[in-house]
Amino acid sequence: MAADDIFAQLLDRVFAANEKLIAAGVLPAGIDQSRISIEPPRDAAHGEMATNAAMVLAKEAGKKPRELADAIAQQLRADDLIDKVDVAGPGFINLVLKPAAWIDALRTAVRRGAHYGRSDIGKSEPVNVEYVSANPTGPMHVGHCRGAVFGDALASLLDFTGFKVTREYYINDAGAQVDVLARSAFLRYREALGEPIGDIPEGLYPGDYLKPVGAALAAEYGDKLKAQPEADWLPLVRAKAIDMMMAAIRDDLAALNITFDVFFSERSLNTGEIDRVAETIAWLRQRGDVYEGRLPPPKGAPIEDWEDREQTLFRSTAFGDDIDRALKKSDGSYTYFAADIAYHRSKLERGFRTLIDIWGADHGGYIKRMQAAVAALSDRKAVLDVKVVQLVKLLRAGEPVKMSKRAGEFVTLREVVDEVGRDAVRFMMLFRKNDAVLDFDLAKVLEQSRDNPVFYVQYGHARAQSVFRNARAVFPDLPADFTSPRVLSAANPEQLSDPAELSLMRRIALYPRIVEASSIAHEPHRIAFYLYELASEFHALWTLGNASPHLRFIIQDDRQLTEARLVLVQGVATVLASGLKLLGVEAPNEMR
RNA sequence: GCGCUCGUAGCUCAGCUGGAUAGAGCAUCAGACUUCGAAUCUGAGGGUCGGGAGUUCGAAUCUCUCCGAGCGCGCCA
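Definitions and limits used
- Counting starts from 1 at the beginning of each chain's written sequence and moves along it residue by residue.
- Labels are handed out in written order, letters beginning with A for the chains and numbers beginning with 1 for the ligands.
- Only residues with pLDDT of 70 or above have their local features reported here, since the model is predicted, and side-chain atom pairs are shown and tallied only from 80 upward, although totals for entire chains, interfaces and linings are computed over all residues.
- Just so you know, side-chain values use all the structure's heavy atoms and leave hydrogens and water out.
- What counts as a helix is a DSSP run of H or I of at least four residues, what counts as a strand is a run of E of at least two, and both are numbered from the N terminus.
- Residue exposure (1.4 Å probe, protein chains only): buried if accessible area is under 20% of the type maximum, exposed if over 50%, otherwise partly exposed.
- Only heavy atoms enter the contact rule, under which two residues are in contact if any of them lie within 4.5 Å.
- Working definition: residue near molecule or strand if any one of its non-hydrogen atoms lies within 4 Å of it.
- Pairs of N or O atoms are called polar contacts if they sit within 3.5 Å, as long as, within protein, a hydrogen donor faces a hydrogen acceptor (for residues adjacent in sequence, only side-chain-to-side-chain pairs).
- Amino acids are sorted into nonpolar (Ala, Val, Leu, Ile, Met, Phe, Trp, Tyr, Cys and Pro), charged (Asp, Glu, Lys and Arg) and polar (every other residue, Gly among them).
- Between Lys or Arg on one side and Asp or Glu on the other, a salt bridge is scored when a side-chain nitrogen of the former is within 4 Å of a carboxyl oxygen of the latter.
- Here the limits of each domain have been adopted from an automatic or database domain assignment.
- If DSSP finds at least two bridges between two strands, the strands pair.
- Under this scheme, a helix contributes an axis fitted over its contacting stretch, all axes are lines through C-alpha atoms, and angles between N-to-C directions fall in the 0 to 180 degree range.
- Here the angle decides the label: under 35 degrees means roughly parallel, over 145 means roughly antiparallel, 65 to 115 means roughly perpendicular, and every other value means oblique.
- Given the number of residues in a helix, its expected span is that number minus one, multiplied by 1.5 Å.
- Pairing of aromatic rings covers Phe, Tyr and the six-membered ring of Trp, with a centre-to-centre limit of 6.5 Å; geometry is then stacked below 30 degrees between planes, edge-to-face above 60, and tilted otherwise.
- Classification remark: right-handed applies to a crossover when, strands pointing away from the viewer, the course from the first strand over the helix to the second runs clockwise.
- Note: crossing handedness is left-handed where the near helix turns anticlockwise from the far helix by less than a right angle, and right-handed where it turns clockwise.

Thoughts on the overall build of chain A
Assigned secondary structure in chain A consists of 20 helices and 15 strands. Along the three orthogonal principal directions, the C-alpha set of chain A runs to about 85 × 65 × 40 Å. Per-residue burial for chain A yields a buried fraction of 50% across its 592 residues. Within chain A, residue pairs in contact and separated by at least 24 positions form 71% of the contacts whose partners lie at least 6 positions apart.

Spelled out as C-alpha cells, the structure:
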C-alpha cells in the first residue's frame, strides 16, 4: 500500500523471508503473521529497525524464539535493503539498513513533496466528524476552541489518509436555551428603541453582544413587536437572534481557519413536514428498543422533585449502557437525547458508518447512551467514536485569567486569537492529548524560545528556507527552482553519511508511519509532537555546523556536497510544512 | 453509591495501542556565537511509571483490586 513507507517495505521483506522458511518446512504453512511488526528500537544500540517476528511466531511454530530468529535472520541477510542483522534479547531481530535505503526514503519525501505521507488507508470510506456544535446563544469562548481545533485537525488528518470526510456542526437551535436567547434579545430590542431597561434580570443573557441583535430587530420591525404578546414575537426574535449568533460563530471560526461542510439544525428535525424525532422513536419502538416503563431514582445526589412515573424509555442497556434513558420530558416534549438520536440517524441515512463526535469533558457521561443509540439504529453496524476534549485553563504568566460567567464576562475565542495569533492557538491546542487538561499561558505562547513549541517548529521551517536563500547567494548559478523535486532529485544525496544526517533521514522516513498511526488512533497530537522532534533534530544538526564547519549545509568549494545537503534540508522543510498544514498552522519562510 | 477520564523526574508533559536499560521541555549546574539566523545547541544530576495482585517470552501500556484528582449521574443542552 503506502509505497512511501519504508516500514511497510521492510515488513514485506520479513514476510518474504518467512515464505521461504515455510517452503523449507521450518514454519508451518498458513501460520498467523498478523502480529508481526517492525519498528525503530528505542535504543540506537539495537540497530535502526527491529522486528518481533520470531517471538510472535515461535509458539505456533513450536520453536524456540531465538532459534527461529536465527533462521529468519539468515534469510534477511540476503536482502538488498539490509546491511546487518542481529538477533538479540528474547528473540528480537535487529536490522541496520544500507544507507541507500534511507537515502531512498529521503528522495521519496522530496519527490512526493506535499503528498508525502498521504495514504489510502481510509479506502475512501465516508467519515462524519461532528465538532464545536456550540449553542448559538453567544460568541465562542476559549472553552470551545479546543474542540474546534481538534476536530478540524482530525478531519484534515483523516482526509490526508484517504477517508472521505464531512465536517459537520450541529446547531442546538431548539429547546429552552434559545428561548432565553430570544427574551434576552427582545430586551435589547426595547433598549434599541430608547426604552431604559436597567439591569438585565436574572436568568437572561447579560452580554453586550446582543445589542446588535436588538438594533437589527428595531431596524427591521420598528416598534411593531413591542405591543405583541410573547407567543407572537418570540419565534421572529429567536430566528433573528440565532441567525446573527451563527454568523458571529462562523466569523469566530473563520478566524481560526475553520469551516464546515454541513450545518445541521436541531430544529429542522421536527419542524419540517415529518417529525423526524417522532418517526425515529416509533421506528425504535417497533424494533423493541423503546418502551414505556419506570426508572429507579438515581443513587447519588437526591433529586428534590423526584416523581416515579411511567415514561418513554430507550433500551440503551441492551447496547452496553448502565441504565435505560428517557426520551420525553414530563411536559411531553422530547429530551435532548431524543433529538440527538434522530440527528445521528440522519448521519446514518446519509451513508456514514463511521461517526466521530467531539465533545467537551462535561458531556462524558453521555457517551454510552449515544453509542448505544447508534448501535441500535444501525443494527450494530456503525461505529461512533466520541473524542472528549478536556478543559483549557487560561493563564497569563502562570496566573489564572479570571472570568465571571455571571456577569457575562468571559474571554472570547476572538480575543485570544487576536492576542496570540491563530497559529499559536491551533498548535498549542494540539500539543497535548485531547483527554488531558491543557494549560494555555498567553504570556508563554508569545515567547520566542524553545519553551514555546509553536515558535520552535516554525523556526525550523524558516531556518530551512534561510539555507536556501543563502545557497542561492553562494552559488548564483543554482537554477531558480532548485528546491523543486525535479532539480533536487538530480542531486547526489549519497554523500550524506554523517550520523546526524542519517538520523535526520530516519526521522523523515518515520513521517508516513506517524501520520497513519495518528489517523487510526484519532490522535492529531502525535503529529505535533513528531514535528517538535523533527525540528529539534534539525536545529541540532544546524548547530553542529558551528563547531564542525565541514557539516554545514553550504560548503563554498563543494557544490556537489552542498546540493546533496540541500536535498536533506528540503526533506525537513517538506515534512515540517506538511505536518503543520495538517494541524492548520502556517509554515513561515522567515520569522522576523 | 455508580459510571467515565486521569495519576510517569521538583514542575509541565510524551511514550508509536504489549517490546529490550522509561524519554523530552522547564527549573538547577557546567559549556558552545569574527554563525548557513545562539530566537539555537552540547553535557550532568534527577524515577518504586500512585500501591498491590494477575495475564505471558515481555506490562507505564491489557485484567482485577485498593488509594487519590477531575467530570457526570430522569424532565439542562
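Regarding the protein's contact with RNA strand B
Close to RNA strand B lie 67 residues; R42, K329, S330, Q448 and R552 are nearest. The contact in question runs from a phosphate oxygen of RNA strand B to an N or O atom on the side chain of S466, over 2.5 Å. Elements with a minimum of two residues in the surface near RNA strand B: helix 2 (53-61), strand 4 (92-97), helix 16 (453-474), helix 18 (499-521) and helix 19 (525-547). Taken together, the residues of the surface near RNA strand B break down into 27 nonpolar, 19 polar and 21 charged.

As for the pattern of salt bridges
Per the stated rule, a full pass over the model turns up 33 salt bridges. Salt-bridge contacts for K240 lead to E220; the nearest nitrogen and oxygen are separated by 3.4 Å. Taken together, the residues K240 in helix 8 (residues 230-255) and E220 in helix 7 (residues 211-221) connect sequence positions 20 residues apart. Among the ionic contacts, a cluster of salt bridges with common partners joins R188, E191, D208 and K211.

Quick word on the domain arrangement of chain A
Its domain assignment divides chain A into domain 1 (6-97), domain 2 (177-255), domain 3 (271-333), domain 4 (392-446) and domain 5 (453-583). For domain 1 versus domain 4, the separation of C-alpha centres amounts to 48 Å.

What about the sheet that holds strand 10 (residues 325-326)?
Spatially, three strands are ordered 8-9-10 in an open sheet, and the strand pairing comes out antiparallel. Whereas interior strands pair on both sides, the edge strands pair on one side only; in this sheet they are strand 8 (290-293) and strand 10.

What to know about the environment of A318
Here A318 lies in the loop between strand 9 (311-314) and strand 10. Classification of A318 by relative accessible area gives partly exposed; the value is 38%.

Some words on the packing of helix 5 (residues 142-160) against helix 20 (residues 559-583)
In the contact formed by helix 5 and helix 20, the axes pass within 7 Å of each other and the chain directions differ by 125°. By the criterion of interaxial angle, the relationship of helix 5 to helix 20 is oblique. Judged by residue contacts, A153, S156, L157 and F160 of helix 5 engage S578, L582 and L583 from helix 20. Of the residues that constitute the contact of helix 5 with helix 20, the class distribution is five nonpolar, two polar and no charged.

Let's talk about the sheet that holds strand 4
Taking strand neighbours across the sheet as the criterion, the four strands line up as 1-2-4-3 in an open arrangement whose pairing is antiparallel. Each edge of the open sheet carries a strand with a single partner, namely strand 1 (38-39) and strand 3 (82-88). Here strand 2 (residues 49-51) pairs with strand 4 via three bridges, running antiparallel. Following the sheet pairing, T51 is matched in strand 4 by I93.

Topic: helix 16
The terminal C-alpha atoms of helix 16 lie 31 Å apart, and with 22 residues this matches the ideal 32 Å at 1.5 Å per residue to within 8%. Most of helix 16 is tucked away: 16 of the 22 residues are buried.

Quick word on unusual backbone geometry
Look at S124: it is not a glycine, yet its phi comes out positive at around 60°. Here S124 is to be found in the loop between helix 4 (99-112) and strand 5 (126-130). Relative accessible area serves as the criterion here: at 51%, S124 is assigned to the exposed category. Positive phi outside glycine occurs at N257, with the angle close to 65°. Following the sequence through the fold, N257 ends up in the loop between helix 8 and strand 7 (262-265).

Digging into the side chain of H344
One can find H344 in helix 11 (residues 336-349). A polar atom in the side chain of H344 sits 2.7 Å from the side chain of D357. Apart from residues no more than four positions distant in its own chain, H344 is found in contact with E130, L355, D357, M370, V374 and L377.

Brief notes about the packing of aromatic side chains
Enumeration according to the criterion identifies 25 aromatic pairs in this entry. Between F431 and F529 the ring centres are 4.3 Å apart and the planes differ by 20°, which places this aromatic pair in the stacked class. Separated by 98 residues along the polypeptide, F431 in the loop between helix 14 (422-430) and strand 15 (438-441) and F529 in helix 19 bring together distant segments of the chain. Residue class for F431 comes out buried when judged on its relative accessible area of 11%.

A few points about the pairing of strand 12 (residues 383-389)
Where burial is concerned, most of strand 12 is hidden: five out of the seven residues are buried. Strand direction decides the pairing type here: strand 11 (residues 354-360) and strand 12, joined by seven bridges, are parallel. Across the sheet, T354 pairs through a bridge with V383, a residue of strand 12. In this view, the connection linking strand 11 to its parallel neighbour strand 12 by way of helix 12 (residues 367-377) has right-handed handedness.

Points about the packing of helix 16 against helix 19
Describing two packed helices takes the angle between their axes plus the distance from one axis to the other. Contact geometry of helix 16 with helix 19 gives a least axis separation of 9 Å together with a crossing angle of 50°. In terms of orientation, helix 16 and helix 19 fall into the oblique class. By crossing handedness, the relation of helix 16 to helix 19 is classed as left-handed. Seen from helix 16, the contacting residues are P453, Y456, V457, Y459, G460, R463, A464, S466 and V467; seen from helix 19, they are L531, Y532, A535, S536, F538, H539 and W542. Its residues assigned to classes, the contact of helix 16 with helix 19 shows eleven nonpolar, four polar and one charged.

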